[in-house]
Amino acid sequence: MGLPGIIAAGCGSKVYLSDFNSVKNSTRVHSIMESITIRIYDRIAEQYSTIDPDLHYFGYTWGQWNDDILNLEPNIIIAADCFYDNGDDYENILSTVVYLLEKSEGMFITTYQNRGYNNKLLYLIDKWGLCTKIASISSNYYEKYETNAVIDIMILTLPLKVTL
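Scoring rules and cut-offs
- Residues numbered from 1 in each chain as written.
- Predicted model: local features only at pLDDT ≥ 70, side-chain atom pairs only at ≥ 80, totals over all residues.
- Heavy atoms only, no water.
- Helix = DSSP H or I, 4+ residues; strand = E, 2+ residues; numbered from the N terminus.
- Buried < 20%, exposed > 50% of the residue type's maximum accessible area, 1.4 Å probe, protein only.
- Contact = heavy atoms within 4.5 Å.
- Phe/Tyr/Trp six-rings, centres within 6.5 Å; stacked < 30°, edge-to-face > 60°.
- Arc of directions from axis to C-beta.
- pLDDT = per-residue confidence, 0-100.
- Expected span 1.5 Å × (residues − 1).

In this section: the overall build of the chain. The secondary structure content of the chain amounts to six helices and six strands. Of the regular secondary structure in the chain, the N- to C-terminal order runs α-β-α-β-α-β-α-β-α-β-α-β. The proportion of buried residues among the 164 residues of the chain is 30%. Counting contacts in the chain only where the partners sit at least 6 residues apart, residues at least 24 apart contribute 74% of the total.

The structure is reproduced here in structure tokens:
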């Protein structure tokens, strides 16, 4: 879930937002997203009466297959910092991403903070046959916020299909 998806919906895109799936979390996420959505839609309607946002949300856990995920055909998947901890979920994340990209030939965009587990992540990206582009955030950003964290923007796609 997040602001980029809500803004995309406000610009007229069909958007699906999700967060970790649990009974308790699903109710919380639904309530939060409904509240945010109503406020943002009201502001959008004030400024741009021609846009009718198409925003949906559901609970989801990477690597679990349900109707919500099986029916998606996204052009762009945006995930905020989903590669963290010791890498136990990396395979589940990438298997879901590959499944969705195979259906839509889209792209997966995420931020990634190197926490020392990048060898496992790079191995799995190669294992799943994904193409990777990494854009590092400018060093001016780090100086401004006085942080040592290195955060990259990573774009994953499937290789181009060549037909003869």
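To continue, consider the packing of aromatic side chains. Counted by the stated rule, this structure contains six aromatic pairs. Ring geometry for Phe 83 versus Tyr 90: centroids 5.2 Å apart, planes at 85°, classification edge-to-face. With relative accessibility at 1%, the residue Phe 83 sits in the buried group. Seen from their ring centres, Phe 83 and Phe 108 are 6.4 Å apart, and the 90° between their planes marks the pair as edge-to-face. Of this pair, Phe 83 sits in the loop between strand E3 (76–79) and helix H4 (90–104) while Phe 108 sits in strand E4 (residues 107–113), and the two are 25 residues apart along the sequence. Counting every residue linked through ring pairs, the aromatic cluster contains Tyr 60, Trp 62, Phe 83, Tyr 90, Phe 108 and Tyr 112.

Quick look at helix H1 (residues 3–10) now. Among the residues making up H1, those that are buried are Gly 5, Ile 6, Ala 9 and Gly 10. Buried residues in H1, looked at end-on, bunch into an arc of 140°, giving them a common side.

Considering every residue of the chain, the mean pLDDT works out to 77; 67% of them sit at 70 or more. Of all the helices and strands in the chain, helix H6 (residues 139–145) carries the lowest mean pLDDT, 58, while H4 carries the highest, 92.

Moving on, we come to H4. With 15 residues, H4 should cover 21 Å at 1.5 Å per step; its first-to-last C-alpha distance of 21 Å lies within 8% of that length. Those residues of H4 not exposed but buried are Tyr 90, Ile 93, Leu 94, Ser 95, Thr 96, Val 97, Val 98, Leu 100, Leu 101 and Ser 104.

Quick look at the environment of Ile 155 now. Note that Ile 155 resides in strand E6 (residues 151–157). We classify Ile 155 as partly exposed; its relative accessible area is 27%. For the pair Ile 155 and Thr 111, spaced 44 residues apart in the sequence, the C-alpha separation amounts to 8.8 Å. Those residues in contact with Ile 155 that sit more than four places away from it in its chain are Met 107, Phe 108, Ile 109, Cys 131, Thr 132 and Lys 133.

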